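# Examining the three-dimensional arrangement
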Amino acid sequence: MKHRKKRNRLLLQLGLVFLTILTVLLTITSLGIYDTAVTGFLEGQNANMTSALEEITTIISASVYDSPVIFEFCLDEWKKDPEYFIAEANPEEQIALIDYLENTAIDGSFDQADFYEKELPDQYKPVFAKTTYDDMSYSFSDFLSRLPYERFVFYDLSNPESVFVYGEYGEDGLIRNVGQRFEVRLEEHPAIADMISTPSEEIRFERSSDIPEKGSYYIGYRPFVVDGKVRAALGLVYDWDNFRNSLRDKILRRQLLTAGCVLLGMILFLFVLYRKAVRPISQIEEGIQSYSADKSSPRLVGRMYQIKTNNEVEYLADSLADLSCELDFYTRENVRIAEEREKTKKELYEAKVNVMVSQIQPHFMYNALTSIAMMCTIDPETAQEATVTFADYLRGNMDSLKQTAPVPFEMELEHLKKYLYIEQLRFGKKLQVEYDLPVMNFRVPMLSIQPLVENAVKHGVGMKKKGGTVEISTRETDTAYQVIIRDDGVGFDPDAKKEPDGRSHVGMENTRKRLMDLCGAGIITESVIGEGTTVTITLPKDVQEGLE
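Below, the structure is looked at part by part. (Residues numbered from 1 in each chain as written. Predicted model: local features only at pLDDT ≥ 70, side-chain atom pairs only at ≥ 80, totals over all residues. Heavy atoms only, no water.)

### A closer look at the overall build of the protein chain
Across its full length, the protein chain carries 15 helices and 14 strands. Contacts in the protein chain between residues far apart in sequence, at least 24 positions, make up 66% of those at least 6 positions apart. Accessible surface for the protein chain amounts to roughly 31400 Å². Of this, 55% is attributable to carbon and sulfur atoms. (Helix = DSSP H or I, 4+ residues; strand = E, 2+ residues; numbered from the N terminus. Contact = heavy atoms within 4.5 Å. Areas by Shrake-Rupley, 256 points an atom, 1.4 Å probe, with all protein chains shown as cover.)

Pasting the structure below:
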């Protein structure tokens, strides 16, 4: 149950990863759609606004803009009394103006280019300006009704810091805010600032939050230049909030569609992932657990070969099946090697027995028994003691075959003393033994000191006519314990070629190897011909600590 929860957790983790990816993709997609839509909208609106502004400018030019004098005259008149120009027209004033124009006309025609020069009476100037204003306003309203825009704005820019409103024309045909003034911060209106600083008839575009009123608008301005200065500007206004809301709806629909497609894809992916990865991995896990319990390679191989995914998971299952077969092979090999090692160990033990038996050399036994026999008539009590000691010595040799671990030095010393007691019976006063043992709290392999002492007796003191002394001592350094065997016998040349000497040589090599293998000990032999031999056994303390 615990493992199943872990597998479900894996699917949950993958689901969370995909949800995160989905969120990031939707965010990136939304931003991309928004940027693309805004860019496309601005490009389209700029072209549409440019076309519309040029068309309406043509209408204005046909009436007043082609004559800068009349155009500026009208602009000034409109600013004098804004209420008059938005009021209902007075038919009597218009008839009087028409009559005056007809009576003043030359050859029945009227030339607008020199109209102002004929000094139109002051009483007719407002009427003429209002008639022009009404014609222009009608053209604006009619034109706006055919376009997808919220309003036209017509501003006077002779004082850029205090813009005068000639009129704002809405979709409903009404004119608003005529005669109003509003303060303009040019740093917040780059299009107006650019028109004033660089007078030209080029159309400019900008986003605005306070013109024509508080809100969010996109405006295209068409400036009117008189005498090298921007005198007025016609603006085409698009409500940015409407566009943004429309765009938000489009993006939301695309988001929902994209999210649905991605979510469906994620579900299909997780389903395929479960079929092709999670479930096969679960089968692999169950097979491994079963193999850990019963160590049955055939059963594991059967389970692994049932996994068919045609991907890396199937390869993994096949590899595990092959691995279990390899493990079986190496297990059998290890068992075989262990059996061979056990056999070798047994053979080594038997060799050690042979060596140990060989150390009890026949001539030593003969000499010991002969000495005891002689003592029987001379000193029966000593003969009896020697017999018991000799029996203990033989028993110690046999017991050493069962002892594989190092023993306390005191135990080895007791066995050594029995050997030397028997040798002193044979050599008498020619063999002196001295002990200097201040340190004995360490361990040595059993029967590892005797062969070295035996060499000192047999090849050192025993070869000297007057005999000599064998000294056995111990020392302690900061890092090791030392056992020193010194004799003042005949000595030998350490550099001379060693000749095989039969069993004694085999016994010495066995002793050296046992000291090294069991205690990490080293043996140093120093000898001078005619002066004697010194053998030093060094036992490392760090190894001794592991033997306790």
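Moving on from the coordinates now.
### A word on the packing of aromatic side chains
All told, the structure shown has 15 aromatic pairs when counted by the stated rule. By the ring-pair criterion, three or more aromatic residues cluster together here, those being F71, W78, Y84, F85, Y133, F154, F164, Y166 and F224. Above the ring of Y435, the side-chain terminus of K417 is found at 5.2 Å from the ring centroid. Here the basic side chain of K541 rests over the ring of Y481, its NZ or CZ set 5.3 Å away from the ring centre. (Phe/Tyr/Trp six-rings, centres within 6.5 Å; stacked < 30°, edge-to-face > 60°. Lys NZ or Arg CZ within 6 Å of the ring centre and 35° of its normal.)

### Quick notes on empty space enclosed by the protein
Any space left empty among the atoms is revealed by the rolling of a water-sized probe across them. What the rule picks out here adds up to two cavities of 30 Å³ or more. Lining the second largest cavity, in full, are Y84, A89, N90, E93, Q94, V127, K130 and T131. If one sorts the elements of the lining of the second largest cavity by residue count, helix α5 (residues 125-144) sits on top with three residues. Among the residues forming the lining of the second largest cavity, the class breakdown is three nonpolar, three polar and two charged. (1 Å grid on protein atoms, 1.4 Å probe; cavity = no way out; pocket = protein on both sides within 12 Å on 5 of 7 lines; lining within 4 Å. Points joined across faces, edges and corners; volume = space filled by probe spheres on them. Nonpolar A, V, L, I, M, F, W, Y, C, P; charged D, E, K, R; others polar.)

### Quick word on the packing of helix α2 (residues 68-80) against α5
A pair of packed helices can be characterised by two numbers: the angle between their axes and the separation between those axes. Running from N to C, α2 and α5 point in directions that differ by 100°, and their axes come no closer than 9 Å. Here α5 runs roughly perpendicular to α2, going by the angle between their axes. In this structure, α2 uses I70, F73, C74, E77 and W78 to contact α5, whose residues at the interface are K125, P126, F128, A129, T132, Y133 and M136. Each residue belonging to the contact of α2 with α5 can be placed in one class, and the counts come to nine nonpolar, one polar and two charged. (Axes fitted to C-alpha atoms, helices over the stretch in contact; angles between N-to-C directions. Parallel < 35°, antiparallel > 145°, perpendicular 65-115°, else oblique.)

### Focus: the nonpolar core
The tendency in soluble globular proteins is for nonpolar side chains to be buried as a group. One finds I60, W78, M136, F140, F152, F154 and L234 to be the most contacted residues of the largest nonpolar core, which totals 42 residues. Mapped onto this core, the elements with two or more residues apiece are α1 (2-65), α2, α5, β1 (151-156), β2 (162-170), β6 (217-226), β7 (229-239) and α7 (240-294). Sorting elements by how many residues they give to this core places α5 first, with eight residues. Excluding anything up to four places from it in sequence, F152 contacts L53, F140, F143, L144, L147, G167, E168, Y169, L234, G235 and L236. Counting 31 residues, the second-largest nonpolar core is a separate cluster that includes F409, I422, I472 and M508. (Core = buried A, V, L, I, M, F, W, Y, C linked by side-chain atoms within 4.5 Å. Buried < 20%, exposed > 50% of the residue type's maximum accessible area, 1.4 Å probe, protein only.)

### A few points about a nonpolar patch on the surface
A contiguous nonpolar patch, built from L12, L16, L19, L263 and I267 and spanning about 450 Å² of accessible area, is present on the exposed surface. Of all the secondary structure elements, the ones that give two or more residues to the nonpolar patch are α1 and α7. By the secondary structure assignment, L12 is in helix α1. Classification of L12 as exposed rests on a relative accessible area of 54%. (Patch = residues over 30% accessible without salt bridge, like charges linked within 9 Å, V, L, I, M, F, W, Y side chains within 5 Å. Salt bridge = Lys/Arg side-chain N within 4 Å of Asp/Glu carboxyl O.)

### Brief notes about the sheet that holds strand β9 (residues 431-436)
In space, the five strands of this open sheet follow the order β9-β11-β12-β14-β13, with mixed pairing throughout. In this open sheet, the two edge strands, each paired with only one partner strand, are β9 and β13 (522-528). Neighbour-to-neighbour, the strand axes of this sheet turn through a mean angle of 15°, independent of strand direction. Taken together, the seven bridges between strand β11 (residues 468-476) and strand β12 (residues 480-487) define a ladder with antiparallel strand orientation. When the sheet's bridge partners are listed, E476 is paired in β12 with Y481. In this fold helix α12 (residues 409-427) packs onto β9, β11 and β12, with an angle of close to 160° to the strand it touches most, β9. Sheet strands in contact with helix α13 (residues 450-461) are β9, β11, β12 and β14 (532-540), and its direction is about 150° off that of β11. (Pairing = 2+ DSSP bridges.)

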